[in-house]
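Architecture at a glance
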Amino acid sequence: MYVSDIDMLSPRSLQECLYLLENEKASFRLLAGGTDAVVRMKEGKWQHDCWLNLKNIDELKFIAIEKDEIHIGPLTTHQEIISSPLLRDHADVLVQACREVGAAQMQNMGTIGGNIGTASPAGDTIPALFVLGAIIELTSLTGKRHICAEDFFIGPGKTVAFPNEIITKISFKIRGKHDLGIFQKLGPRKAQSISIVNVAISLSMKEGTRECTGGRIAFGSVGPVVLRAKKCEAMLALGELSPDMIANISRVAWKEVMPISDIRASASYRRDMASALLERGLYRLMKRWADDERKPF
Amino acid sequence: MKENHFKYIGRRVPRVDAPEKVTGTLKYMTDYHFEQMVWGKVLRSQYPYALIKSIDISRAQSLPGVICVLTHKDIPGFNGFGIVVPDQPVLAHDMVRCTGDAVALVAAETKEIAEHALSLIEVDYEPLAPVTDAEFAMSSKAPSLHENGNIHSHVIIKNGDMDAAFEEADVILENTFYSPRQMHAFIETEGGWGVLEADGMLTIRCPGQYAYRDRLQIARALAMNPARIRVISNPIGGAFGGKDEITVQIYLALLALHTGGRPVKIHLSREESVIAGIKRHPFKVQMKTAAKKDGTLLANQVRAVADTGAYASLGGAVIALAIEHCCGPYKIPNVDLEGFCVYTNNGISGAFRGFGVNQVCAAIETHMDMIAEKLGMDPIEIRKKNAYEKGDRSSIGHELKTSVGTLKTLEIAETCELWKNRETHKKDSSEPWKKRGIGVATSFHAVGMGIGLPDYGAATIELMPDGTFKVGVGCEDIGGGNGTVYAQVAAELLNCDIENITVIQGDTAQTLDSGTVTASRSTYTGGKAIAAAVPHMIRLLTEAASTLHKVEPEDILIGENEYYALTENGEQLLSYKDLYAHLQENRLPTKVEGHFMLPKEKEELPRSGGAPHHLYGYLTHLVLVEVDTFTGETEVLRVVSIPDAGQVLNPQGLEGQTEGGAVMGIGYTLYEDVLMDGGYHQTANFTNYIIPTIRETPLIETFPAESMEETGPFGAKGIGEVVMIPIIAAIMNAIYDAAGVRIKHLPATPERIYQAMKTGEVRQ
Ligand SMILES: Cc1cc2nc3c(=O)[nH]c(=O)nc-3n(C[C@H](O)[C@H](O)[C@H](O)COP(=O)(O)OP(=O)(O)OC[C@H]3O[C@@H](n4cnc5c(N)ncnc54)[C@H](O)[C@@H]3O)c2cc1C
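It should be emphasised that the depicted structure is a prediction, and the values quoted were computed from it without experimental measurement. (Residues numbered from 1 in each chain as written. Chains lettered and ligands numbered in written order. Predicted model: local features only at pLDDT ≥ 70, side-chain atom pairs only at ≥ 80, totals over all residues. Heavy atoms only, no water.)

A word on the sheet that holds strand β25 (residues 634–644) of chain B. All names here are of chain B. Judged by pairing direction, the sheet is mixed, and its four strands sit side by side in the order β16-β24-β25-β28 without closing on themselves. Two strands close off the open sheet at either side, each with one partner strand: β16 (434–446) and β28 (699–702). Mean inter-strand twist for the sheet, computed between neighbouring axes without regard to direction, equals 15°. Strand direction decides the pairing type here: β16 and strand β24 (residues 616–628), joined by 13 bridges, are antiparallel. Paired with V440 across the strands is L622, a residue of β24. Of the strands in this sheet, β16 and β24 touch helix α9 (residues 315–325), which is tilted by about 110° from β16. (Pairing = 2+ DSSP bridges. Helix = DSSP H or I, 4+ residues; strand = E, 2+ residues; numbered from the N terminus. Axes fitted to C-alpha atoms, helices over the stretch in contact; angles between N-to-C directions. Contact = heavy atoms within 4.5 Å.)

Another point: the sheet that holds strand β22 (residues 570–575) of chain B. All names here are of chain B. Pairing is antiparallel in the open sheet, where three strands are placed in the order β20-β21-β22. Every interior strand has two partners, whereas the edge strands, β20 (556–559) and β22, have only one. Strand-to-strand, the axes of this sheet are offset by a mean angle of 30°, without reference to chain direction. Pairing analysis gives four bridges linking β20 to strand β21 (residues 562–567), with the strands arranged antiparallel. Across the sheet, the residue bridging to G559 is E562, located in β21. Running over the sheet, helix α16 (residues 522–549) touches β20, β21 and β22 and is turned about 40° from β21.

Quick look at the domain arrangement of chain A now. Residues and elements named next belong to chain A. The domain boundaries assigned to chain A delineate domain 1 (3–53), domain 2 (59–173) and domain 3 (179–290). Contact residues are listed per partner, giving 15 residues for domain 1 and 17 residues for domain 2. Between domain 1 and domain 2 the total buried area reaches about 1,300 Å² when both faces are included, carbon and sulfur atoms providing 69% of it. Of all residues in domain 1, L14, L18 and E22 give up the largest surface area on contact with domain 2, accounting jointly for 39% of the area buried on that side. (Domains from an automatic or database assignment. Buried area = accessible area lost by both parts, 1.4 Å probe.)

Mapped onto this structure's residue numbering, the UniProt feature "domain: FAD-binding PCMH-type" (unreviewed entry) falls at residues 1–177 of chain A. Split by type, residues 1–177 of chain A is 33% helix and 25% strand. Its first and last C-alpha atoms lie 56 Å apart. (UniProt positions renumbered as here; feature names shortened; annotations may be inferred.)

Turning next to the nonpolar core. The nonpolar side chains of a soluble globular protein tend to be buried with one another. All names here are of chain B. Counting 85 residues, the largest nonpolar core has F283, L337, I731 and I735 as its most contacted members. If sequence neighbours within four positions are ignored, F283 has contacts with F177, Y178, S179, A304, V305, A306, V318, I319, A322, G356, Q359 and V360. Counting residues in hydrophobic clusters, the runner-up holds 52 residues, among them V471, I498, Y524 and V592. (Core = buried A, V, L, I, M, F, W, Y, C linked by side-chain atoms within 4.5 Å. Buried < 20%, exposed > 50% of the residue type's maximum accessible area, 1.4 Å probe, protein only.)

Residues and elements named next belong to chain A. Around the ligand, the structure places 32 residues, and the nearest of them are L30, G33, T35, D36 and T111. Measuring from an oxygen atom of the ligand, one finds a backbone N or O atom of L30 at 2.6 Å. With respect to the ligand, the backbone of A37 contributes an N or O atom lying 2.7 Å from an oxygen atom. When contributions to the shell around the ligand are tallied by element, the ones reaching two or more residues are β2 (28–31), α2 (37–42), α7 (112–118) and β10 (166–173). At five residues, the largest contribution of residues to the shell around the ligand is made by α7. Across the shell around the ligand, the residue classes break down as twelve nonpolar, 15 polar and five charged. (Near = heavy atom within 4 Å. Polar contact = N/O pair within 3.5 Å; in protein donor to acceptor, adjacent residues only side chain to side chain. Nonpolar A, V, L, I, M, F, W, Y, C, P; charged D, E, K, R; others polar.)

So, on to the packing of helix α10 (residues 357–375) of chain B against helix α11 (residues 379–386) of chain B. Residue and element names in this part refer to chain B. Taken N-terminus to C-terminus, the directions of α10 and α11 make an angle of 115°; their axes are 9 Å apart at the nearest point. Judged on the interaxial angle alone, α11 and α10 are roughly perpendicular. For the element pair α10 and α11, the recorded crossing hand is right-handed. From α10, E365, M368, D369, I371 and A372 reach across to α11, where they touch P379, I382, R383 and N386. Here the contact of α10 with α11 is built from residues that sort into five nonpolar, one polar and three charged. (Parallel < 35°, antiparallel > 145°, perpendicular 65-115°, else oblique. Left-handed = near helix turned anticlockwise from the far one by under 90°.)

Glancing now at the pattern of salt bridges. Residue and element names in this part refer to chain B. Applying the stated rule across the entire model yields 51 salt bridges over all chains. Close ionic contact of R422 with D378 constitutes a salt bridge, the shortest N to O distance being 3.4 Å. Of this pair, R422 sits in helix α14 (residues 422–427) while D378 is found in the loop between α10 and α11, placing the two residues 44 residues apart along the sequence. A relative accessible area of 24% places R422 in the partly exposed class. Take D378: its relative accessible area is 25%, and that puts it in the partly exposed class. The structure contains a network of salt bridges with shared partners spanning K41, R44, E115 and E272. (Salt bridge = Lys/Arg side-chain N within 4 Å of Asp/Glu carboxyl O.)

Structural data, given as C-alpha cells:
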C-alpha cells in the first residue's frame, strides 16, 4: 500500500465523525494538527485506510470555565493554551508545558488532543495534566466515558480509548488561591527537542509561609508512561520547604522512576535528572512564591 | 571599518541573491518538476560489510510503472568514483563496505513505485563482521577492507629533538581527545536531475562544488566524452563540503541513458542522506605538549587517527591538513606529528568546512589553556608569546611568507569589552546554580590547495547587448556569497554600477574551469581571475571606442558606466550599448577571459601529504558560556569573532560567515554527532541529530583584524572555514572556566558535562 492510497474524510460535526467511526468498514486514524501523524505516515508506521480529519469540527475547539472547572477542547492548539488568560491564571503548569512543545510552528499546529492521542512517555502536556488532576472525556456514538489522566495511558502509544471513541474534552478543577505550578524540561537543546526528562509540579502553599499543604509531582520520559512521584509528594507537606528539605525530597525522586537508556541519554543520567529537575523546579517555585507574595523569606 | 576610496570594495553590499532566497522565489534544482519526468531511486546496502553473491532484479523490472532497473552490469565505463582515488563503486559488484553503498538503481513513473521496486530487488548477501573502530582497523586482526590494507594514508612531520625538549620542559601535558561525526545538515539534501537531450548531449543538473570535476567523474563511469556532458551545479541549498564528492550525479547519468530521453530526478530523503552522505571525520587525537616555566612552548607530539569510513574520498587530504595545523599558529621548535586515515565500515567521511583542523585545534587550544593555568599565565598572553609572525618559522618548519594576523587578533581580543569586563560578566549568572565562564582560542586555516595539486582560477566577462556584463566563474556559490564578491570586484574594476553585472557560476557550458569551492579559496581565486580578465575587457572597449571615433586609444577615457572619446569636436560619450553595437557589427569578440595561478610553496615537507600551504587565514574567538550545574546544560551567551581575512571585501558578507561559522561551531561542540553502532546509523534524521536553532544562537560580534595580503584581490584572503574552528576550543575552555571540568570527548552534551562534574574530575 502506498501512502498516496490513504484517503481522507473531513466530517463537519462531531456526530458525523462518530458515525463514520462506528459504521464504516475502513480503518481510520484521527488527524488533528498532524504534527505527529505526518511524521509517522512518512515513516510508514501508521498503515490505515483513511484519515479522519478533525480540523473542521469547531465544537472540539474551546477553552471555558464552568463553575469550578476548566474545560479544554481537544482541538485547542498549544498556542491557544499559551495565550489564554484563563489558563494562565488557573493552569500555569499546563501553559508552561505547552510553551515547551517544539517551537512556534508546532505550537501553532499541534493540539492538546493530539499530544494525548500520541501517548508518548515524553509528551510534554501529559505530566501537567497529571498534576492538575485532569479528566479526559471519551465520546462514542453510544455514550461518554470520563477517565482520569493517570489511568488513560497503558504504555507508549497506547491508551484506553477504543477505535470508535474520540477525545472530546479535558477538564480539571480551577486552582486554589495559593496553588502554583511549574513545568521543567530537559531536552538536548532549547527548542524542537524531545524531552530527556520532564517534570510537572503543583503545590498548594500556606499563606505567608514556606509550608506546603500538599502537591503533586509527575515525571515524563522516565518510564513507559508518565509517572507520579508519590513518595516525593508525601514529603512535600512534612515541613517548611527549605533548601535542605527541597534537596532531600529531590534525592528521593530517582527511586520513583524507571528510565531506559536510548540514543538521547543513559538511564543513569535520566535518574539523576529526575532529581535535578525536581530540585531546580522546587527552588524556582519557592522563589516565585516569595516574589509573588513578597514574603520576607 | 576605515575609509577607502572604493565604490564597492570594503562596503556593506547586500547579497545579490538575497531577495530571491529570502522571498523563496529561487528554485533549487531539486524543487523542479517536469512534464514527463521520472523518479530515480537508489538501493542501498542492507549490511555495513558483506559479500554479494547475486542480485536478482526480475521482480522489480516487471512491476508496472518501472522504467529501468540498473546494476553494476549496466555501467558502460569504470565502476568507481572518488576525488583522489576512485575506490568507491558506483554500484556495488561483489562486496558492500557500508550501508551507504549503492547496489542498484531504479527509474519509475512515481516515487512510490520506484521505492516499491527497490523492495523487490533480491540481493543475496553473505554478511561479514564489520570493522567499526579505527584503531582496530589498523591492527593485524582486522580484515582488509581494500586491496592495500586499511591504512589509506599515513603522514608524518618531524622537527627538532623531542627527547631533549621533554627533558628540559617544566610542564608536560598529555591527553586524548575524541571528536564527533558531524553532518553537514544542509537545507537541500543531495539530489538533482539528468536528461539525455535529443542531440545526444547529457545534461546533469546537480548541486556540487566543482562542476568540471564532477563531469570528469561522470565521463569516466560512462566511458563518454566529457565534452558531451553538461553539468550545472548552481544554485545550491548549502554544501559545506558535503557536495564536494560525487553525490548522485553518476546515478542520474546512468538512469538518463535508459529513460528514453525523459528527465530523471533523484532527491534523497533526509534519512537516506544521513546514511549515504559523507560526514566529518571522527578523530582520536593523542597529544603531548611541553612548555617552559615562562610559557614558551617546547615540544608537541601528536598522533591523530581519522575514521574515513568505507572510502577515501578526501580523507587523505583531511588528515594531511590536520597534521599541518595541529600545532596551532605557533612556533614550537620540536615536533613529532603523525596522522592516519583509516578505512572502517562506518559510513563515509570526507570534506567538511575546516577539513581536519577543527579536530586538532580542539586539542592544542585546550592544552594552551591548561598550560596557562598551570603556570598562572593569562591565556591570551601565552598565545601571544608563542604566536608566529610573517617571516618566522612555523612549528612544521617552514617560513611564513604571507600575511599573519594572529597577534593582531589576540590584541583585539584583549581589548574588547567581553574580555576586559570578564570578571563582571562571570558574576552575572542568571540563577545561583548557573556558573559562567569565558574562554579564548585561536587558530588558522590554509587557503587553497596544498603542494601537488594544481590550483588555478579562471573567469570570463562578456559584454551583453543591453550593455551589461556577464561575469562567469566556475566556482559555485554554496551559500557563502562569493557571487556577490565577484560582482563587487567586477563592478569596481570595470568602473560600473553593480546593477550592470550578472554573475553566473557552476555551469560547464557557460563558465570556465575555476577549481573547487573548497579550501577557503573561492573569493581569493575567483576575485583574482576576474581581476585578470578586466584589463582585457577594458582593452576591448577602449579599442572599440577609439575606432568608432577614429582617435588614438590614449584619447579614450573610462568614465563611470561609460567611455569618453576626446575628439576634435570635444568629448564624445559612448555607452556600453554603443560599444556592444560596434563590436557586434564588426564581428569582434565581446567576451574575454582571465586566468590566475595560485601562488604556492616550492618545497613539500617530505611525507606530509602536501604541506605547507602558502596562505593562511587566522582567527581568534572569545566566548561566554553559562553551565547549569543541575543538568550540565551549556548555553553560549556571547561570541566575539576576530578574523584576519586580509582586507575585508564586504563586511556584511564576512559577518555572514563569522555568524554562520560560530553557530556551526556551537553545534559541533555542544550538540551534533551521528551515532553509529555496528556500522549502522543510530541517528536517523533531525529528530535526534541536534543542530542549533535560533534559540541557541547567541549575540555574535565580529571585529576584523585586517592585514594586507599582497597576493590577494584587493588584499583579501579566505575565511570560509576558520570561522568555525577556534570557537570549539573556546567553548571547551569556557566550560572549564565555568564548571571546572575538561570535556575531551565532543560533543559536550549535558550528560557528559554532568557526569564529569559528578565523578569529580573537577578543578581543585
Ligand atoms: C518538530 C517536532 C517537534 C515536536 N516537539 C514536541 C515537544 O517538544 N513536546 C511534545 O510533547 N511533542 C512534540 N512534538 C509532537 C507533537 O507536535 C505533539 O504531540 C502535538 O501535540 C500533536 O498534536 P497534533 O494535533 O499535531 O496531533 P496529530 O498528529 O494530528 O495526532 C496525533 C495522534 O493523536 C490522535 N488524536 C488527535 N486528536 C484526537 C482526538 N480528539 N481524540 C483521539 N485521538 C486523537 C491522532 O489520531 C494521532 O494518533 C513534536 C513534533 C514535531 C514534528
